[in-house]
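If you want the building blocks of each chain, they are given just below.
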Amino acid sequence: METRLVYVCDGGDCNERGSSNLYHRMRTWFEERDPHEERVKVRRYPCFGGCEFGPNITVWPDRIFYSQVKVDDLDDIIRHIEGEGEPVKRLCGKVKPDVEEFLWQMLDSPY
Amino acid sequence: MLRRYELTSKSFFALVDQGSAFGGLFLELALAGDRIYALDDPDAEVRVAVGPLSDGRLPMSNGLTRLESRFLADPDHARRLMKEQPVLTAAEADEQGLVTFLLEDIDWDDDVRTRSRSAPRCRPTPSPAWRRACGTAGPRPARARSSAGCRPGRTGSSRDPTPPARRRCRATGSLSRLASTGGGMSTVDLEAKIPNNVGLRDNKRLLRALEKWQPAFLDWWRELGPSDFNADQVYLRTAVGVGKGGWAHFDYVKMPDYRWGIFLADGDPLRKIHFGDNLGEVCWQEVPGEFRNRLRRLIVTQGDTEPASVEQQRMLGHTAPSLADLRSLFQVNVEEGRHLWAMVYLLHTYFGADGRDEADAMLERHSGDPDSPRILEAFNEPIDTWLDFFCFTTFTDRDGKYQLAALAESAFDPLARSTQFMLNEEAYHMQTGENGVGRVLHRTAELTREGTDPRTVGALPFDLVQRYINFWASRSMDLFGGEDSTNAAESFAAGLKGRYREGDGIYKDPKALNAQYKIGVPEGDRLVEREIPLRRAMNALLLDSYVADCQRIVSRWNRDLERMEVDFRVALPDKRFNRNQGVYADHSFTPAGELVSREEWERRLAEWLPSQEDRDYVKACMKPVHEPGKYANWIAPHSQGVNETPLDFEYVKFH
């Protein structure tokens, strides 16, 4: 399975809405289960530009952009990342397509 | 034995350092060698004693004593020394001309290594006292050698490989250094004169060197930092740690009392190089000799931008549109000052005397100074209006973000950890710019909706703001350098500078050896697609990431304009527009990226870039508003106060 890259937005708005807490919870979860990051890498990202809908979390290469994530949503998100569930549809499709596209453009680098 | 020692074709150096006393036969041995290096350290004094054995009992092959031979230009001095037979400290021995190089403790390891290694190519410059006393004489005059391109007494050229240093840093050096500078979770020393998490308290040499530099920095701040506000109390964020939230401590402070410190992000002692030719090796905790000059240049170029922007913005406080904006300006300024500290720490710690010279020079160059300008052109542009400031922090500081992000991938671990922490603070600067331009556009949209011409009420029309964006975006794109660059390729190959977020594993080939980068190059009156090896296109790749990021911001501004129901939309100029660097320099393009003739460019220049009339108008709009909660008419208020303060908070208390 390809390594999944999870970005948790670390921008000002997302941070004020608790993205740091989300990051630490996800990071701790995966560090315990996948210490060498063979399956999942969890990283902070400076800002996606979807600030109105923060906190935002993305999953690549699935190209899933979760918005307005709360701590209660983490279980469902983790299940999806672990391959045990579907993408969490209620958290998708909130930001403008160009905000998503900016990120996928970078992550889908041809190089 | 001494005669044979003197006549052999080998070079001998005497090291008069901690725990040694050179007298009698040992002084004769030292004098019979090529150079004498003496340690000048008040905590570890050494002694040089002239005794009876130097009085002709062990003559040289020419029949003279070694002192007579050394002081051929001043025989009385040799006689005086032999008569008085003094016991001297290192500094006194230097004054008496007995020492070739008197080195301070901070210089010792580095200078002895680099100076002795430079012997085959570069004649060193002995101390003035030595030259004064010896004239042209000496037991074994330094052989005349070619020293083209080699400054006296400095490290050799960049082609000078120093494999032993490299071996050391990759083997024993790495873990021990990391342990002392905070590998893993670091300890933050906030009580020290220089707050830090790099164990300065335990590194007396470095501490002394930085404490010497500190007054020069403070003098520079008072002279060229924010003008006339140094006695005021400013509500500032100060770094108190490197963990999440550790840098978010707010309090009132006078800017010269701001606790500029040295903070590195926590490290991983087993971190591996994740790109370039050294892929998979453990990262370096010391500077490999073969990359010394290249790394120093990278650090100096980055470091030079930090004080430069403070100088550029020093008069802005007088025309702040609100107290909250004034606070933001000062926050940006003090943090740029701290970033300078971060780079100076690296120079002092890892580059010896050369590094300290470079650190001093960063306070000697000044933005816009015709005789001693800042290294990069954008940092010599004046920033005398707040529209310039907001554009600068949006676009030029964003270039800084990408350069720092590329350095944060570096195989030289102290640089990577230092720049990672700087990125935390840089985010605030970019947000200041992004929100600032957004608030300017928002205010203009409000007036437009009301049917008010912005120019009639001292606000800034859309087209004028667009010209400023065109100027600062294109000027900032120049900072990425040429799109096709062997320099960038070498930095990537060496592991010094990676691609944006290289460490996240998003690139297919971490060595970047198997792909070509396509770029449209002007030929005559059209663009022709060319392919360049990916490694040589590292600047272009980083620029692409930057442009996408800028486009995201422009889209955000436009979403607000859309919500405000005005027709105007901001556009990011194409990366070919108004370029002075790279393949598009010397060609004329519209902001949309269409190739045009020079004549058309000249004719439409005022449509695309700020004219003198624009600049005069913007300057005329800049009137200070220093009453809490009030804003100038050309900008919308902040949506919220910093650190959850109300908007009418007294962010700056004037003395």
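Residues numbered from 1 in each chain as written. Chains lettered and ligands numbered in written order. Predicted model: local features only at pLDDT ≥ 70, side-chain atom pairs only at ≥ 80, totals over all residues.

## Section: the overall build of chain A
Logical step 1: Secondary structure summary: chain A contains four helices and four strands in total.
Logical step 2: Tracing chain A from N to C terminus, the helices and strands come up as β-α-α-β-β-β-α-α.
Logical step 3: Against the globule reference of 13 Å for 111 residues, chain A gives a C-alpha radius of gyration of 13 Å, in line with a compact fold.
Logical step 4: When the 111 residues of chain A are sorted by exposure, 39% land in the buried category.
Logical step 5: Taking the contacts inside chain A whose residues are at least 6 apart along the sequence as the reference set, 67% of them involve residues at least 24 apart. (Helix = DSSP H or I, 4+ residues; strand = E, 2+ residues; numbered from the N terminus. Rg over C-alpha atoms; globule rule 2.2 N^0.38 Å. Buried ≥ 20, exposed ≤ 12 C-beta atoms within 10 Å, placed from the backbone. Contact = placed C-beta atoms within 7 Å.)

## A few points about the nonpolar core
Logical step 1: L387, C391, V440 and L460 of chain B are the most contacted members of the largest nonpolar core, which has 116 residues in total.
Logical step 2: Broken down by element, this core gets its largest block of residues, 16 residues, from helix α11 (residues 323-350) of chain B.
Logical step 3: Residues within four places of C391 of chain B in sequence aside, it is in contact with G433, V437, Y468, I469 and W472 of chain B.
Logical step 4: Grouped together as the second largest cluster of nonpolar side chains are 30 residues, L5, F53, I64 and Y66 of chain A included. (Core = buried A, V, L, I, M, F, W, Y, C linked by C-beta atoms within 7 Å.)

## Here's the deal with the interface of chain A and chain B
Logical step 1: Contact residues are listed per partner, giving 17 residues for chain A and 19 residues for chain B.
Logical step 2: Counting only elements with at least two residues in the side of chain A that touches chain B, the list comes to β2 (40-45) and α4 (97-107) of chain A.
Logical step 3: Top contributing element to the side of chain A that touches chain B by residue count: α4 of chain A, with six residues.
Logical step 4: Considered class by class, the residues forming the side of chain A that touches chain B number seven nonpolar, six polar and four charged. (Nonpolar A, V, L, I, M, F, W, Y, C, P; charged D, E, K, R; others polar.)

## Concerning the confidence of the model for chain B
Residue and element names in this part refer to chain B.
Logical step 1: The pLDDT averaged across chain B works out to 86; a share of 87% of its residues lies at or above 70.
Logical step 2: Per-residue pLDDT stays below 50 along residues 119-125; that stretch engages in 17 contacts with residues further than four places along the chain or on separate chains.
Logical step 3: Confidence drops under pLDDT 50 across residues 135-185; counting only partners more than four residues distant or on other chains, this segment forms 91 contacts.
Logical step 4: Here the prediction assigns the complex a pTM of 0.77, and the interface score ipTM is 0.87. (pLDDT = per-residue confidence, 0-100.)

## A closer look at unusual backbone geometry
Logical step 1: Note the cis peptide between G54 of chain A and P55 of chain A, where omega equals 0 degrees.
Logical step 2: Here P55 of chain A shows up in the loop between β2 and β3 (57-60).
Logical step 3: The peptide bond linking W60 of chain A to P61 of chain A adopts the cis configuration, its omega dihedral lying at 15 degrees.
Logical step 4: Examined against the element boundaries, P61 of chain A turns out to sit in the loop between β3 and β4 (64-66).
Logical step 5: Phi at E565 of chain B is positive, roughly 60 degrees, even though this residue is not glycine.
Logical step 6: Its location among the elements puts E565 of chain B in the loop between α17 (538-563) and β11 (588-589).
Logical step 7: We classify E565 of chain B as exposed; it has 9 C-beta atoms within 10 Å.

## Looking at the pairing of β3 of chain A
Strand residues, when the strand is regular, have side chains that alternate between the two faces of the sheet.
All names here are of chain A.
Logical step 1: Across four bridges, the pairing between strand β1 (residues 4-9) and β3 is antiparallel. From the neighbouring strand, V8 faces β3, where its bridge partner is I57.
Logical step 2: As paired strands, β3 and β4 are joined by three bridges and run antiparallel to one another. Looking at β4, one finds that T58 is bridged to F65.
Logical step 3: The loop that links β3 with its antiparallel partner β4 comprises three residues; one of these, R63, has a positive phi angle of about 60 degrees. (Pairing = 2+ DSSP bridges.)

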